[in-house]
Amino acid sequence: MTTDEEIRKLKEERNALILAHNYQLPEIQDVADIVGDSLELAVKASEAQESVLIVCGVLFMAETAKLLSPEKTVLIPVPDAGCPLADHLTPEMVLEARKKHPDAAVVVYVNSTAAVKAVADITCTSANAADVVRSLPEKTILFGPDANLASFVQKQVPEKDIIPLPPEGHCYVHTAFTVDQVEEARSHGCRIVCHPECRPEVQEISDLVTSTGGMVRHADECDSWFVCTEREMGYRLRSLYPDREFLLPEDAVCEDMKKTKREDLLRSLQNGVHEVIIDEDVLGPAKRAVERMIRIRR
Ligand code: 13P
Ligand code: SF4
């Protein structure tokens, strides 16, 4: 039996659902039940009938699934797959900012720790950030940890005052994209789509700024795209639209997203590892912040 066949057999036996982010290696995307962006994975996790959820992605994605389904067993095949962006914001920073802005609401990107979510009013993803902010009665919004996503939301929702928390939180993969790269791609006839974690000046000259799920939904609108996001998004887009061209730099790599290999997924199914456990005192308030977001959807 091949490793993929073993994974599929064990998945049935264990009543498990395999969820994979769009940036996962092809070998993981190919064997997953669901491949999607952070919001799609969170929604599918909340609706799943299976008793075991295996999240192939980074830790905040597995934690979000656990927050939405605390009664289920949620596994992450490689527990040290993290998101360096999430490390830009601590609960202490949120509490300090709340003292300075007592009338503000706190919106945190799902790319954050469970402890940070626990001190937020609501979470958001790149797919629903503007809708989440619009839904709030408060005029001032403390928004973290991604300052570029904060700037994107400010443009979409000009009636609010968005304060990025911290002012310089960013993702190293997305901030590496430059205006020169975009202009070069455009000179070759490509349409440009970028993730809202890219720098404001890159967002400004892109044709479309959207989540990875949004990239999938818009992919058939033109023949040739330059895609400013993580490399494996190219695999996902080409699998769905083999007749279109998607150009992504080979070095746009999120190291943590590459840690999960098919052998890790197999081991996870065989041994029930690694179980996501969230402290009781964090679970309740963090769950509330994520559930409030899920009610808004897109
Ligand atoms: P999406 O929710 O758009 O997939 O983004 C997740 C992420 O980590 C982007 O770097
Ligand atoms: Fe985090 Fe950036 Fe990797 Fe996304 S691409 S998981 S934001 S480090």
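Our structure's up above, just so we're on the same page.
Residues numbered from 1 in each chain as written. Chains lettered and ligands numbered in written order. Predicted model: local features only at pLDDT ≥ 70, side-chain atom pairs only at ≥ 80, totals over all residues. Heavy atoms only, no water.

**Q** Can you walk me through the packing of helix 1 (residues 3–14) against helix 13 (residues 262–271) in this structure?
**A** Between two packed helices, what matters for the description is the angle formed by their axes and the separation of those axes. For the pair helix 1 and helix 13, the least separation of the axes is 10 Å and the interaxial angle reads 30°. Taken together, the axes of helix 1 and helix 13 lie roughly parallel to each other. For the crossing formed where helix 1 meets helix 13, the hand is left-handed. Along the contact surface, helix 1 presents Thr3, Asp4, Glu6, Ile7, Leu10, Lys11 and Arg14, while helix 13 presents Arg262, Leu265, Leu266, Leu269 and Gln270. (Axes fitted to C-alpha atoms, helices over the stretch in contact; angles between N-to-C directions. Helix = DSSP H or I, 4+ residues; strand = E, 2+ residues; numbered from the N terminus. Parallel < 35°, antiparallel > 145°, perpendicular 65-115°, else oblique. Left-handed = near helix turned anticlockwise from the far one by under 90°. Contact = heavy atoms within 4.5 Å.)

**Q** Is there a simple way to think about the pairing of strand 1 (residues 16–21) in this case?
**A** Every other side chain in a regular strand lies on the same face of the sheet, so the side chains alternate between the two faces. Counting buried positions along strand 1 gives 6 out of 6 residues, so the element sits mostly inside the fold. Both faces of strand 1 are covered, namely the face carrying Ala16, Ile18 and Ala20 and the face carrying Leu17, Leu19 and His21. Note that strand 1 and strand 3 (residues 52–56) share 5 bridges and pair parallel. Looking at the pairing, Leu19 lines up with Val55 of strand 3. (Buried < 20%, exposed > 50% of the residue type's maximum accessible area, 1.4 Å probe, protein only. Pairing = 2+ DSSP bridges.)

**Q** Teacher, can you tell me more about the nonpolar core here?
**A** Taken as a class, soluble globular proteins show a tendency for nonpolar side chains to be buried jointly. Counting 82 residues, the largest nonpolar core has Val107, Phe143 and Cys228 as its most contacted members. Discounting chain neighbours no more than four positions away, the residues touching Cys228 are His174, Phe177, Val182, Ile192, Val193, Cys194, His195, Cys198, Val202 and Met215. If you look at the next biggest cluster of nonpolar residues, it comprises 16 residues, including Ile7, Ile18, Val31 and Leu265. (Core = buried A, V, L, I, M, F, W, Y, C linked by side-chain atoms within 4.5 Å.)

**Q** I'm lost on the site of ligand 1 in this one. Help?
**A** In the vicinity of ligand 1, the residues found are His21, Tyr23, Asp37, Ser38, Asn111, Ser126, His174, His195, Glu197, Ser211 and Thr212. Take His21: an N or O atom from its side chain is 2.6 Å from an oxygen atom of ligand 1. In the environment of ligand 1, an oxygen atom lies 2.6 Å from a nitrogen or oxygen atom belonging to the side chain of Thr212. Protein coverage of the free-state accessible area of ligand 1, which is 300 Å², stands at 96%. Structurally, ligand 1 is housed in the largest cavity. Of the residues belonging to the shell around ligand 1, the class tally is 1 nonpolar, 8 polar and 2 charged. (Near = heavy atom within 4 Å. Polar contact = N/O pair within 3.5 Å; in protein donor to acceptor, adjacent residues only side chain to side chain. Areas by Shrake-Rupley, 256 points an atom, 1.4 Å probe, with all protein chains shown as cover. 1 Å grid on protein atoms, 1.4 Å probe; cavity = no way out; pocket = protein on both sides within 12 Å on 5 of 7 lines; lining within 4 Å. Sits in = over half its atoms within 2 Å of the grid points. Nonpolar A, V, L, I, M, F, W, Y, C, P; charged D, E, K, R; others polar.)

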